[in-house]
Amino acid sequence: MNHKSKDKTFKHLAIAGNIGSGKTTLATMLSKHFHWDLQLEAVDENPYLEDFYDDMKAWSFHLQVYFLNSRFKQIKKIKLNKKPVIQDRTIYEDAHIFAKNLHHSKLMSDREYQNYLDLFDSMTSIITPPDLLIYLRANIGTLVSQIEERGRKYEEKIQIEYLKNLNDHYREWITGYSKGPMIIIDIDNKDFVKNPEDFSDIVNKIDLEMNGLFTF
């Protein structure tokens, strides 16, 4: 058996996961631990979010284009950044999870969806994927509990069926993900905020991926 040290430079790391999975919290904690720069999702700045949860069909296209453009601008900044950056959610989730789900649920028209995908394809043709993807996997009960705990007013309108559909799309996307290294973290029985051992376990997995040895 031969061993070889990894020599890839990890500059762009990203956390993926459904609403309520703890992406922002973990990204913030990892940023502090590793001294990485942090790029958070522009949720509070999105002017369409509350309107979207009031009337998803009317505002789905506007909401998703805003998020897509916001993510694209983040990636451009990450490329120019000299320090490693951890990003809260990826541009691929915008298209393969959220926009796709809205289209399948008849909340985004065929015309809007095709327009969106054309824009997504143009953007992703000139960017590179994250050097490491960290996926937070959770069941619906965990997601609902954490959404309720953080108490964002506009999230009170989220339907269970909506979260289930998103989880189905995440499962499909992650199963076929091949853009680079990935770590999957099951968070149903973990509390990386209150339990230092759970957080250390995540850190160790990232250290192993970035600096460990692999066999061939």
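Residues numbered from 1 in each chain as written. Predicted model: local features only at pLDDT ≥ 70, side-chain atom pairs only at ≥ 80, totals over all residues. Heavy atoms only, no water.

A. Structural view of the overall build of the protein. Across its full length, the protein holds eight helices and seven strands. The C-alpha radius of gyration of the protein comes to 18 Å, within 12% of the 17 Å expected for a compact globule of 216 residues. Reported as C-alpha extents along the three principal axes, the dimensions of the protein are approximately 55 × 40 × 30 Å. Within the span of the protein, comprising 216 residues, buried residues form 47% of the whole. In the protein, of all internal contacts separated by at least 6 residues, the share reaching a separation of at least 24 is 79%. Approximately 11,600 Å² of the protein is accessible, and the part contributed by carbon and sulfur atoms is 50%. (Helix = DSSP H or I, 4+ residues; strand = E, 2+ residues; numbered from the N terminus. Rg over C-alpha atoms; globule rule 2.2 N^0.38 Å. Buried < 20%, exposed > 50% of the residue type's maximum accessible area, 1.4 Å probe, protein only. Contact = heavy atoms within 4.5 Å. Areas by Shrake-Rupley, 256 points an atom, 1.4 Å probe, with all protein chains shown as cover.)

B. Spatial organisation of the sheet that holds strand 5 (residues 132-137). Pairing is parallel across the open sheet formed by five strands, whose spatial order is 3-4-2-5-6. If you trace the sheet from one side to the other, it starts and ends with strand 3 (37-39) and strand 6 (182-186), each paired once. Put simply, the sheet's adjacent strands are angled 20° from each other on average, direction ignored. Here strand 2 (residues 12-17) pairs with strand 5 via five bridges, running parallel. Paired with Ala 14 across the bridge in strand 5 is Leu 133. (Pairing = 2+ DSSP bridges. Axes fitted to C-alpha atoms, helices over the stretch in contact; angles between N-to-C directions.)

C. Expanded view of unusual backbone geometry. With a phi angle near 60°, His 35 is a residue other than glycine that sits in the positive phi range. Examined against the element boundaries, His 35 turns out to sit in the loop between helix 1 (23-34) and strand 3. Residues other than glycine seldom take positive phi values, yet Lys 106 does so here, at roughly 65°. Tracing the backbone shows Lys 106 in the loop between helix 4 (91-104) and helix 5 (110-124). Classification of Lys 106 by relative accessible area gives exposed; the value is 64%.

D. Region of the structure containing the confidence of the model for the protein. The share of residues in the protein with pLDDT of 70 or more is 94%, and the mean pLDDT across the chain is 90. Every residue in residues 1-7 scores below 50 in pLDDT, and together they form 17 contacts with partners more than four places removed in sequence or on other chains. (pLDDT = per-residue confidence, 0-100.)

E. Local environment of the pattern of salt bridges. Evaluated as defined, the whole model comprises 10 salt bridges. Among the salt bridges present, the one from Arg 171 reaches Asp 168, with a minimum N-O distance of 2.9 Å. Of the two residues, Arg 171 and Asp 168 both sit in helix 7 (residues 160-175), three residues apart, roughly one turn of that helix. Here Asp 201 and Lys 205 are joined by a salt bridge, their closest N and O atoms 3.6 Å apart. Residue Asp 201 and its partner Lys 205 are located together in helix 8 (residues 196-211), separated by four residues, close to a single helical turn. Through salt bridges that share partners, Glu 41, Arg 71, Arg 89, Glu 93 and Asp 94 make up one connected network. (Salt bridge = Lys/Arg side-chain N within 4 Å of Asp/Glu carboxyl O.)

F. Looking closely at the packing of helix 3 (residues 56-80) against helix 4. It is the contact of helix 3 with helix 4, at a shortest axis distance of 10 Å, that shows an interaxial angle of 175°. Of the possible angle classes, the one that applies to helix 3 and helix 4 is roughly antiparallel. Contacts from Ser 60, Gln 64, Phe 67, Leu 68, Arg 71, Phe 72 and Ile 75 in helix 3 reach Ile 91, Asp 94, Phe 98, Ala 99 and Leu 102 in helix 4. (Parallel < 35°, antiparallel > 145°, perpendicular 65-115°, else oblique.)

G. Layout of the nonpolar core. Formed by 64 residues in total, the largest nonpolar core has its most connected members in Ile 19, Leu 30, Ile 91, Trp 173 and Ile 206. Residues within four places of Ile 19 in sequence aside, it is in contact with Tyr 53, Arg 89, Phe 98, Leu 143, Ile 147, Arg 150, Glu 155, Ile 158, Tyr 162, Leu 163 and Leu 166. (Core = buried A, V, L, I, M, F, W, Y, C linked by side-chain atoms within 4.5 Å.)

H. Representation of the pairing of strand 2 within the structure. Taken across its six residues, strand 2 has six buried, putting it largely inside the fold. Side chains His 12, Ala 14 and Ala 16 project from strand 2 onto one buried face, and the interleaved Leu 13, Ile 15 and Gly 17 project onto a second face that is buried too.

I. Quick look at the side chain of Asp 198. Checked against the element boundaries, Asp 198 lands in helix 8. Apart from the residues within four sequence positions on either side, Asp 198 is in contact with Lys 190, Asp 191 and Phe 192.

J. Looking closely at the packing of aromatic side chains. Applying the stated criterion across every chain, the model contains nine aromatic pairs. Ring geometry for Phe 34 versus Trp 36: centroids 4.2 Å apart, planes at 10°, classification stacked. The pair formed by Phe 34 and Trp 36 is uniform in burial state, with each residue classed as buried. Note on Tyr 92 and Phe 120: the rings are 6.4 Å apart at their centroids and 85° apart in plane angle, and the pair reads as edge-to-face. (Phe/Tyr/Trp six-rings, centres within 6.5 Å; stacked < 30°, edge-to-face > 60°.)

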